[in-house]
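# Breakdown of the fold
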Amino acid sequence: MTTYREAGSADELRNKRQQILEAAYIVFSRKGYHRATVDEIIALADTGKGTVYNYFNNKEQLFYTLIHEISEPFEANLQQVIKSEDLPLAKIKRLIRLFLVFYVRHADLWRVMMHEVRGFGSESYSNFKEGQREKYAARFTETIGTFQTVLQEAAANGDIKSCEISKIAFGLYSVIVTLVFQKLVDESIDETADKIADIFLYGIAK
């Protein structure tokens, strides 16, 4: 029997898969993970159930694929900053800007991932197995790890005083996420990044 994958051209298959992911982005962002249904995604993508399940085994795999593929370019940009020849404090400012741009753009979907999937809500623990939660937790830890890497570089360079780097990295990340989710980011992301970096690095005391 001829399968869907065999029937279409490579471009058609890529386009159909992308169409499903774009529909999933909208549905998950609007309804959250647990209230979203595959049927809603199918309807919005204007495709058949068999086509969706030909690409994705279940809703969780679809969601994780969506998170993974949206994250890839962002994570590549973070690594470029880490490997650059910039001074550590300049890298921190560049990282802050990248985080702001990314989270402002994908705020609704990332709020879903953090609050529903990572366990900030009780629903997550009743609907996701430990192995599934670990996948998202690993991605989350790796993302915060970019701040930790640069902060360690800054400490080794004598640019910052001795401190618990892991906690500081988590704190900086939390500040960015809170500002984004509370819609407190100024119209100019560059200005917001500068303010966060200045306060974080130099404080507010006179």
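Fair warning: this is a prediction, and the values are worked out from it, not measured in the lab. (Residues numbered from 1 in each chain as written. Predicted model: local features only at pLDDT ≥ 70, side-chain atom pairs only at ≥ 80, totals over all residues. Heavy atoms only, no water.)

### Some points on the overall build of the protein
Counting secondary structure elements, the protein contains eleven helices and zero strands. Overall, the protein shows an N-to-C arrangement of helices and strands of α-α-α-α-α-α-α-α-α-α-α. Every one of the 206 residues in the protein was classed for burial, and the buried ones make up 41%. Of the contacts made within the protein by residues no fewer than 6 positions apart, 68% connect residues no fewer than 24 positions apart. Total accessible area computed for the protein in this model is approximately 11800 Å², and 51% of it derives from carbon and sulfur atoms. (Helix = DSSP H or I, 4+ residues; strand = E, 2+ residues; numbered from the N terminus. Buried < 20%, exposed > 50% of the residue type's maximum accessible area, 1.4 Å probe, protein only. Contact = heavy atoms within 4.5 Å. Areas by Shrake-Rupley, 256 points an atom, 1.4 Å probe, with all protein chains shown as cover.)

### So, helix α9 (residues 130-156)
For α9, spanning 27 residues, the distance from its first C-alpha to its last is 36 Å, which sits close to the expected 39 Å at 1.5 Å a residue. The principal kink in α9, of about 30 degrees, is found at Gly145. Arg133, Tyr136, Arg139, Phe140, Thr143, Ile144, Gly145, Thr146, Phe147, Val150, Leu151 and Ala154 are the residues of α9 that are buried. Just downstream of α9, Gly158 is the residue with a positive phi angle, here 80 degrees. (Expected span 1.5 Å × (residues − 1). Bend = angle between axes of the 7 residues up to and from the residue.)

### Some words on the side chain of Thr47
For Thr47, the position within the fold is in the loop between α3 (38-45) and α4 (49-55). You can call Thr47 buried: its relative accessible area is 17%.

### Observations concerning the packing of helix α5 (residues 59-83) against α9
Running from N to C, α5 and α9 point in directions that differ by 10 degrees, and their axes come no closer than 11 Å. By the angle between their axes, α5 is roughly parallel relative to α9. On α9, the residues that touch Glu60, Phe63, Tyr64, Ile67, His68, Ser71, Phe74, Glu75, Leu78, Gln79 and Ile82 of α5 are Gln132, Lys135, Tyr136, Arg139, Thr143, Thr146, Thr149 and Val150. Residues that form the contact of α5 with α9 fall into these classes: eight nonpolar, seven polar and four charged. (Axes fitted to C-alpha atoms, helices over the stretch in contact; angles between N-to-C directions. Parallel < 35°, antiparallel > 145°, perpendicular 65-115°, else oblique. Nonpolar A, V, L, I, M, F, W, Y, C, P; charged D, E, K, R; others polar.)

### Digging into empty space enclosed by the protein
Enumeration over the complete set of coordinates arrives at one cavity of 30 Å³ or more. Roughly 60 Å³ of volume is contained in the largest cavity. For the largest cavity, the full set of lining residues is Ser71, Phe74, Glu75, Phe102, Tyr103, Trp110, Met113, Arg139, Phe140, Thr143 and Tyr173. Secondary-structure elements contributing two or more residues to the lining of the largest cavity are α5, α6 (88-105), α7 (107-117) and α9. By residue class, the composition of the lining of the largest cavity is seven nonpolar, two polar and two charged. (1 Å grid on protein atoms, 1.4 Å probe; cavity = no way out; pocket = protein on both sides within 12 Å on 5 of 7 lines; lining within 4 Å. Points joined across faces, edges and corners; volume = space filled by probe spheres on them.)

### Quick notes on the packing of aromatic side chains
Between two aromatic rings, the relevant description is the distance of the centres plus the angle of the planes. Scanning the entire structure with this criterion turns up 18 aromatic pairs. Taken together, a centroid distance of 6.3 Å and an interplanar angle of 45 degrees make the contact between Tyr55 and Phe56 tilted. Each member of the pair Tyr55 and Phe56 is classed as buried. Centre to centre, the rings of Phe99 and Tyr173 are 5.9 Å apart; their planes meet at 85 degrees, and the pair counts as edge-to-face. (Phe/Tyr/Trp six-rings, centres within 6.5 Å; stacked < 30°, edge-to-face > 60°.)

### Regarding unusual backbone geometry
Phi angles above zero are rare outside glycine, and Asp46 is one such case at about 55 degrees. Positionally, Asp46 belongs in the loop between α3 and α4. A relative accessible area of 64% means that Asp46 is categorised as exposed. Positive phi outside glycine occurs at Lys183, with the angle close to 55 degrees. Secondary-structure assignment places Lys183 in the loop between α10 (165-181) and α11 (189-202).

### Digging into the side chain of Thr192
Relative to the elements of secondary structure, Thr192 occurs in helix α11. Residue Thr192 is classed as buried on the basis of its relative accessible area of 4%. In this structure Thr192 touches Leu100, Val185 and Asp186, once residues within four positions along its chain are discounted.

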